[in-house]
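Architecture at a glance
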Amino acid sequence: MQHVVLLLFCVLLSIPAIARQIDVVVGWDKPPYVMAETHSGFELELARQILAELGHDILPIYVPFGRTPRLINARGADIGLTMNARHPVDNAILSNVYVVYQNVAVTLKKRHLVIREVSDLRHHSVAAFQTASHVLGEAYREVVSQHPGYIEIPQQRRQVSLLLAGSIDVAVMDRNIFTHLRSKQPAERQAEVDIHTLFGVSPYRAAIIDDELRRQFNQTLATFIEDGRYQALIDQFGLVNLLKEIPVSRSSEHP
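Below is a summary of the structure that appears in this document. Bear in mind that the values here come from a model prediction, so they are computed numbers and not experimental data.

The next point concerns the overall build of the chain. The helix and strand tally for the chain stands at ten helices and nine strands. By residue count, 51% of the 255 residues in the chain fall in the buried class. Considering only contacts in the chain between residues 6 or more positions apart, those separated by 24 or more positions represent 72%. Carbon and sulfur atoms form 53% of the exposed surface of the chain, whose accessible area is close to 12,600 Å².

Laid out in C-alpha cells, this is it:
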C-alpha cells in the first residue's frame, strides 16, 4: 500500500501545478499555417505541442486576422498568433519568432504583367490579406492607401478564387498559402502564375500576455528547434523553413 501511495505522489508531482486551458486567438483561415475546419495547421499545431509540453490545453479562438490585436489588448485571450512589431500591441509581450512567411505578388502568367517593384501595383487591381497595409512596410502602405482598386480580404481562399477567375490582377499573400489553396481548386482552374518577390521575409511572433508563460514558450520553442521537432512540423505541413534565413538576434530578441 505504501508503494502505491508513493507512486501516486510521484505522479502528482510530475503534473504541472498550474496546468490550465490557454485561449489562443488565431486568424482564420491560412492553410497550411492555420486550418480552422480541422483545428490543424503548422502554427496551431506548434502552439498546441509547445503548450502541451508545458502541461496546458489549448482552446483556439478563430477570428478575422485583423481582430487579434484588439482581443489581446482587451485581455480577451491569453495568446495571439501571427503578430509582429507593426501590429498595434505592446511589443514587450511578443515572443521570439516562431514562424516566417514569404509574402509575394501573384499574377496570371497569361496576363504578362510586369511588376518589378511595389509602386507598379498602382496600375493593377489588388486583393491582399487582411492587415497587409500594416505589416508590409511604408512603401506598400503609401501605394495602397489611395488605391481605388485595392481591397483586403479575411478569407484568403477568396483571393485565390478572384485571381484565378481573372477578377483581379494581383493577389498579395504568402507563397505557401497560395500554393496550398491553388492545389485545392478544380484542375481546370489551376492556371499558371508568375510570382513577383516584392517583399522580404516576414517573421512572426506570438503575443503572450503572461510574462512567465511567454518565458516558458520561448524556452520550449528553442528546444523544439534544437531537437528537430520544429523541422518535423515544417515537413509535415509542406513548408520551407525560412526561420533559418533570419539572424538569430532577430528571432530570439524582442523587436
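A few words now on the pattern of salt bridges. A side chain with one charge may pair with a side chain of the opposite charge, provided their charged atoms come close. Across all of its chains, the model carries ten salt bridges by this definition. A salt bridge links Asp-169 to Arg-111, with the shortest nitrogen-to-oxygen separation between them at 2.7 Å. One end of the pair, Asp-169, is in the loop between helix H6 (156–164) and strand E7 (170–174); the other, Arg-111, is in the loop between strand E4 (99–108) and strand E5 (126–129), and 58 residues separate them in sequence. For Arg-111, a relative accessible area of 30% corresponds to the partly exposed category.

We now examine the environment of Val-240. Along the chain, the position of Val-240 falls in the loop between helix H9 (229–236) and helix H10 (248–252). Separated by 139 residues in the primary sequence, Val-240 and Tyr-101 place their C-alpha atoms 9.4 Å from one another.

We now examine helix H8 (residues 211–227). With 17 residues, H8 extends 25 Å between its outermost C-alpha atoms, agreeing within 8% with the 24 Å of an ideal straight helix rising 1.5 Å per residue. Along H8, the residues that are buried comprise Leu-213, Arg-214, Gln-216, Phe-217, Asn-218, Thr-220, Leu-221 and Phe-224. Buried residues along H8 sit in contact with strand E1 (21–28), helix H2 (42–53), strand E3 (79–83), strand E9 (201–208) and H9. The N-cap residue of H8 is Asp-210: its side-chain oxygen and the backbone nitrogen of Glu-212 are 3.1 Å apart. Positive backbone phi, at 95°, marks Gly-228, one or two positions downstream of H8.

Quick look at H9 now. Among the residues making up H9, those that are buried are Tyr-230, Leu-233 and Ile-234. Viewed along the axis of H9, the buried residues span an arc of 105°, placing them on a single side of the element. Summarising the geometry of H9, the exposed residues directed more than 90 degrees from the buried face are Asp-235 and Gln-236. Residues of H9 that are buried sit in contact with H2, E4 and H8. Just downstream of H9 lies Gly-238, where phi reads positive at about 70°.

Parameters at a glance
- Residues numbered from 1 in each chain as written.
- Predicted model: local features only at pLDDT ≥ 70, side-chain atom pairs only at ≥ 80, totals over all residues.
- Heavy atoms only, no water.
- Helix = DSSP H or I, 4+ residues; strand = E, 2+ residues; numbered from the N terminus.
- Buried < 20%, exposed > 50% of the residue type's maximum accessible area, 1.4 Å probe, protein only.
- Contact = heavy atoms within 4.5 Å.
- Areas by Shrake-Rupley, 256 points an atom, 1.4 Å probe, with all protein chains shown as cover.
- Salt bridge = Lys/Arg side-chain N within 4 Å of Asp/Glu carboxyl O.
- Expected span 1.5 Å × (residues − 1).
- Polar contact = N/O pair within 3.5 Å; in protein donor to acceptor, adjacent residues only side chain to side chain.
- Arc of directions from axis to C-beta.

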